[in-house]
Amino acid sequence: MEAGSHLKALLQTQLASDISAVRYLPYTITSLTSECFLPSPHLTKWITRINALLHSKDSGARWAGLCLAYKTSLLSQSMMIESAQSWLAVALPLLSRSEPIPTLKAAIRLLRTIFTTASDITEFHRQVLTPNVAKFSAATIAVAESHPDAELKVSCMETLTSLIPLYPTTHRASHAALSAFSLRYLNGSATSPTNSKILGAASKLYGVLHLTGGKVGSVAVWRKSLEETLAFGREAFFCLRTTFPGESQTTKRPITNDEPHIFVPLNLDRLRCSVIILCDLLSTIVQRPVQVPIGNLIKFTSSLLRCSKHEQIDGFKDPMIRELEITIVPEIWVLGCELLVCLAERLNYRLDSHLNTLVSILTFQLEQNPNQKCRLSLLKALNALLDNCHAVDSSFVPTRLAKVVLPSIANIFSSSSGESSGEHEASSSKSKKGKKRARNFEGDEVFKVSRKVVCPTMEEGEVLLTSIDVTRYLFRNPNLSSAMRSVIARIIISILLALPRMSPASISPNPALIQIIQEKVQSFGIIIGSSTTSVMSKSLPFVIEATLASDNMAVQSDIGILLHPRVPPLVRSMPHVEALSLFKAEETEEEVELLLTLGLQSTHLHPTPDAQDVLMNDQLASIPQSNAPKTVSPAVEQKETPAIPLNIPPAKTLPSQVTVATSDDAFKPSTITSQLVPHALEYRQAPNKKANEPIPSSEVIPIIAADDEDEDEEMPFIDMASDSEDGDED
């Protein structure tokens, strides 16, 4: 197809008349490509047709011409530069007329493209852009103020936000007008919260106004804007804490005739506006280094996070104001977390001196069991702090924080184990009461509508993912207690082994969530399995086996580095194995107390002694009679006939029951009578053994305790002389 043939076809059919141009505009725009504007004789006809549509008396045709001019500007910069002067002469006057909102949006979009995409061309910038940019800014402000449409206001604010960094000195004269225009939407609303899109656009516009002061003056303007916004937010916060003791007692509440149901929502919206403005001011462009008042910002953030519902001042309190102020406390926490996340991302390690205090405050708020929205905000703030700052330098805070975060992760196990135990109890009770035994058929879980989901909502899924990230940072902290480190490792390894056997529907209604969880847990498991440079991890075989079939290339790369390190061998002794308890029998008393405190005992099987005896009898009953020796406890006196003694070397003294571990059972408990391991770790069996296969007699060698009566028997008399005489005769 030769150049310009598609433009020729469009001009002859879709753009033949004004009505057809409006009707077929979507197809025309989507079919245009950059190859259509290669040099050809049809380019002049195309520009002429666009100009004809722009000067049409029909508003629909003008809208179609603006859309075609915008698409042409995006695909061909040279054609835009050639036609920009004529397009500006038509589009700018449209902003001051009474045009439909779609036409105004199309005109603003076209003018914004012209003023921002070719500003690097010097001559075009001097002759076309600079003389018209001030007019365009003034017309944009007028359009935003005169039309109530929210999308149009947002478009105008975004256009001004993109123009000011490119033409800062040109907008210096209009700084006051721009500041008043943006602050008009940042003063809060009493009837309803300010539109989030309008609030974000106005805040971003206010965040770039300091650039109009020039390279030297912009620093002072930015600092002044930040301090004014901080004072504005502090005043709104104190007005929301009039019935609580603290700094609000030293701040007089402004005299107002508004009712509490108007005054409280107004100040809450103002506080929300101030937090968003502070975040945008900290994220804006600065031409020179600036001094950030970190102390004041941290003090304000701590005040937002520390506020509680239980304190109250002495004397009379308006009941309505008191209830309203108590109700909005969780929203204040969320705003404080948003500000803290921004501070952590922008200031990074400069918050290290305040890290212990901030983490302690967040940990205390998590211990109060807030709702899911507040919990998610608190966890995000913790994740941002731990990600952008150095490790928490405290021997108590990391362990305390881990105790609060771990239940969110272990919810996977508690739900599954609780559900299975409930089913077992129901089936057992039904079998006792009813005459017929309840039977479970394959595929019944598909029709079960009452099964429990771990993360039924999107917020709970985000809480789980953020909890895994926070726990990973805590696991890397050297100040974390050894018992808590062991508990974290056991839980993560158990989840790593259990996730492949869980259905996506049991995790969340979103089927993609289980894949995200699995990727995070796999990367965490590799960190646990790799341990340190001088210590091997007992969990490394489990991690490699669980992640070997993963499709994540990063995980595969980490496994390859673990198995085949790209460094020369070290001339030293083999690394020792870390003291990590993977099984229930290896738990320390401190770990047991931690699990009881966290409420995670349901993730393990704790059979009673009777259940263990039944389990042992079932196992021994499956052994053939010829190979099943009688096992009698040494503490019980035997009155039966002694068994045939075993040929055991007398030099070795064995315990009452010895287990000989094969190569396949390297990670099994040392005795068969030990407590059962977590259900997520029980799957590891020898590949050549089956569940119902009898236990070989070579693995378990019972020792029959000797009777006390045998100890009193006299030793038989041996005639030593007979042996000597026989030797002499030979």
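Calculation criteria
- Residues numbered from 1 in each chain as written.
- Predicted model: local features only at pLDDT ≥ 70, side-chain atom pairs only at ≥ 80, totals over all residues.
- Heavy atoms only, no water.
- Phe/Tyr/Trp six-rings, centres within 6.5 Å; stacked < 30°, edge-to-face > 60°.
- Buried < 20%, exposed > 50% of the residue type's maximum accessible area, 1.4 Å probe, protein only.
- Salt bridge = Lys/Arg side-chain N within 4 Å of Asp/Glu carboxyl O.
- Helix = DSSP H or I, 4+ residues; strand = E, 2+ residues; numbered from the N terminus.
- Core = buried A, V, L, I, M, F, W, Y, C linked by side-chain atoms within 4.5 Å.
- Contact = heavy atoms within 4.5 Å.
- Expected span 1.5 Å × (residues − 1).
- pLDDT = per-residue confidence, 0-100.
- Axes fitted to C-alpha atoms, helices over the stretch in contact; angles between N-to-C directions.
- Parallel < 35°, antiparallel > 145°, perpendicular 65-115°, else oblique.
- Left-handed = near helix turned anticlockwise from the far one by under 90°.

This part covers the packing of aromatic side chains. As enumerated under the stated definition, the model contains 5 aromatic pairs in all. Between Phe37 and Trp46, the ring centres sit 6.1 Å apart and the planes meet at 75°, which makes this aromatic pair edge-to-face. No difference in accessibility class separates Phe37 from Trp46, as the two residues are buried. Seen in terms of ring centroids, Phe181 and Tyr185 are 5.6 Å apart; in terms of plane orientation they differ by 80°. Their pairing is edge-to-face.

Under the definition given, this model contains 12 salt bridges. A salt bridge links Arg223 to Glu227; the nearest nitrogen and oxygen atoms lie 3.0 Å apart. Linking Arg223 with Glu227, this pair stays in helix H12 (residues 214-239), spanning 4 residues, or about one helical turn. Judged by its relative accessible area of 26%, Arg223 is partly exposed. For Glu227, a relative accessible area of 44% gives the class partly exposed.

Quick look at the nonpolar core now. In a soluble, globular protein the nonpolar side chains are often hidden away together inside. Counting residues in each nonpolar core, the largest one holds 176 residues, and the members touching the most others are Trp46, Leu95 and Leu385. The element best represented in this core is helix H16 (residues 329-347), accounting for 13 residues. Discounting residues that sit within four places of it in the chain, Leu95 has contacts with Leu104, Ala107, Ile108, Leu111, Phe136, Ala139 and Val143.

This part is about helix H20 (residues 458-475). With 18 residues, H20 should reach 26 Å at 1.5 Å per residue; the first-to-last C-alpha distance of 26 Å fits that figure. Counting buried residues along H20, 14 of its 18 residues qualify, which places the element largely inside the surrounding structure.

By the element assignment, Gln85 lies in helix H6 (residues 77-94). Given the relative accessible area of 46%, Gln85 is considered partly exposed. Measuring from C-alpha to C-alpha, the distance between Gln85 and Phe124 comes to 9.8 Å, with 39 residues separating the pair along the chain.

Caution applies to low-pLDDT regions: their predicted coordinates should not be interpreted in detail. Residue-level pLDDT values for the protein chain average 78, and 71% of them are 70 or greater. Note that residues 418-432 has pLDDT below 50 and, in this model, 7 contacts with residues that lie over four places away or in other chains. Contacts from residues 604-711, a stretch scored under 50 in pLDDT, to residues over four places away or in other chains number 110 contacts.

This part is about the packing of H12 against helix H14 (residues 294-306). Viewed as axis vectors pointing N to C, H12 and H14 meet at an angle of 25°, and their least axial separation amounts to 11 Å. Looking at the two axes, H12 sits roughly parallel to H14. Like other packed secondary-structure pairs, H12 and H14 cross with a definite hand, here left-handed. Seen from H12, the contacting residues are Leu230, Gly233, Arg234 and Phe237; seen from H14, they are Asn296, Leu297, Phe300, Ser303 and Leu304.

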